Amino acid sequence: MALNKLALIRYKTIDNCLRLRHRKWTLEDLMEKVSDALYEFEGIKNGISKRTVQGDIQLMRSNKLGYNAPIVVTHRKFYTYEDPNYSISNSPISVGDMQKMKEAVEVLKHVSGFSSFDEMSDIVARLEDSIHTKKTINLPLSKWRAIIY
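As the structure is a prediction and not an experimental result, all values here were calculated from the model. All residue numbers here refer to positions counted from 1 along the written sequence of the relevant chain. It should be noted that, the model being predicted, local features are given only for residues of pLDDT at least 70 and side-chain atom pairs only at 80 or more, the latter also being counted only at that level, while totals for whole chains, interfaces and linings use all residues. The basis for every side-chain value is the complete set of heavy atoms in the structure, and neither hydrogens nor water enter the calculation.

Novice: Is there a simple way to explain the overall build of the protein chain in this structure?
Specialist: Secondary structure is summarised from DSSP: a helix means a run of H or I of at least four residues, a strand means a run of E of at least two, and numbering begins at the N terminus for each. Within the protein chain, the secondary structure is distributed over six helices and two strands. Going from N to C terminus, the protein chain has its helices and strands arranged as α-α-α-β-β-α-α-α. The burial tally for the protein chain puts 29% of its 149 residues in the buried class. Exposure was quantified through the Shrake-Rupley algorithm and a 1.4 Å probe, taking into account, for residues, occlusion by the shown protein chains and nothing else. As displayed, the protein chain has an accessible area near 10,400 Å², and 55% of this comes from carbon and sulfur atoms. When accessible area is computed with a 1.4 Å probe and restricted to protein chains, residues below 20% of their type maximum are described as buried, those above 50% as exposed, and intermediate ones as partly exposed.

Novice: Can you walk me through the packing of aromatic side chains in this structure?
Specialist: How two aromatic rings sit relative to each other is given by the distance of their centres and the angle of their planes. Aromatic pairing here means that ring centres of Phe, Tyr or Trp (its six-membered ring) are within 6.5 Å. Orientation follows from the plane angle: under 30 degrees is stacked, over 60 is edge-to-face, and everything else is tilted. According to the stated counting rule, one finds two aromatic pairs in the structure shown. Between the aromatic rings of Y11 and Y67, the centroid separation amounts to 6.2 Å while the plane-to-plane angle is 80°, which identifies the pairing as edge-to-face. With Y11 in helix α1 (residues 3–19) and Y67 in the loop between α3 (50–61) and β1 (71–74), this residue pair connects regions lying 56 residues apart in the sequence. Judged on exposure class, the residue Y11 and its partner Y67 are both buried. Both rings, one in Y81 and one in Y86, keep their centres 4.9 Å apart while their planes meet at 70°; by these two values the pair is edge-to-face. As a reminder, the over-ring test applies to NZ of lysine and CZ of arginine, requiring each to be within 6 Å of the ring centre and within 35 degrees of the ring normal. Across the ring face of W25, the terminal group of R23 is positioned such that the distance to the ring centre comes to 4.1 Å.

Novice: Would you mind going over the environment of D36 with me for this structure?
Specialist: The topology assignment puts D36 in helix α2 (residues 27–42). Residue D36 is classed as partly exposed on the basis of its relative accessible area of 41%.

Novice: Hey, could you run me through the confidence of the model for the protein chain in this one?
Specialist: Parts of the prediction with low pLDDT should not have their coordinates interpreted in detail. With 77% of its residues at a pLDDT of 70 or more, the protein chain shows a mean pLDDT of 81. A low-confidence stretch, residues 141–149 (pLDDT under 50), is modelled with five contacts involving residues beyond four sequence positions or located in other chains. Values of pLDDT, which run from 0 to 100, indicate the predictor's confidence residue by residue. By definition in these notes, contact holds between two residues if any of their heavy atoms fall within 4.5 Å.

Novice: Quick question: what am I supposed to make of the pattern of salt bridges here?
Specialist: Two side chains of opposite charge can pair, provided their charged atoms sit close to one another. Here, a salt bridge means any Lys or Arg side-chain nitrogen found within 4 Å of an Asp or Glu carboxyl oxygen. In the structure shown here, the tally under the stated rule is four salt bridges. Of the charged contacts, one joins D56 and R10 as a salt bridge, the two residues approaching to 2.5 Å between their closest N and O atoms. One end of the pair, D56, is in helix α3; the other, R10, is in helix α1, and 46 residues separate them in sequence. Residue class for R10 comes out buried when judged on its relative accessible area of 12%.

Novice: Sorry if this is basic, but what is going on with the nonpolar core here?
Specialist: Soluble, globular proteins show a tendency: their nonpolar side chains are buried together. Formed by 25 residues in total, the largest nonpolar core has its most connected members in L18, L30, V53, I57, M60, I71 and Y81. Where this core is concerned, the elements lending two or more residues are α1, α2, α3 and β2 (78–81). Each residue touching V53, except ones within four places of it in the same chain, is listed here: I14, L27, L30, M31 and I48. To form a nonpolar core, buried Ala, Val, Leu, Ile, Met, Phe, Trp, Tyr and Cys residues must be joined to one another through side-chain atoms within 4.5 Å.

See below:
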C-alpha cells in the first residue's frame, strides 16, 4: 500500500469532519474518524496515532501541499475551519500542476490506443474534459473574453 494513498484518506477524512459545522471536533474525535476510514477503505485495524493526526493537520494548514487550510482551534480543544465554505477539494490547481496533468493525459492517450486498454478511452476523455473545465474556470476575465470572442 502506497503511503500517499493512506495520507490522502486521512486528509479527506479530516476535511469531511471539519466541514460538518454542526459538530465540535476534538483531536480524539478526528483520530476515531480517521481510524474508521482507514479500516473501511483499507482494512487497517491498528488505528492512528495522535501525533499522525496532528502532523496531518499541520500539513493541511501549510502551503506544502497547496491546501493552506484555515484550520483553527476554538476553546483550546475543538478543531474547525475558520472559513465555513473551505474544503481541500476546492483548492485551486497551479499552472504547473495543470501542465503536468496535461502531459499525463497525453501519455494516457497513447497508452489507451492499445487493445488491452480500450476501457481507458472513456476515462482519458473525462480527465481531459475535467482539465479543460478547470483550466477555463480559473482564467482571468481578459482570457475569458479571448475565448468567447
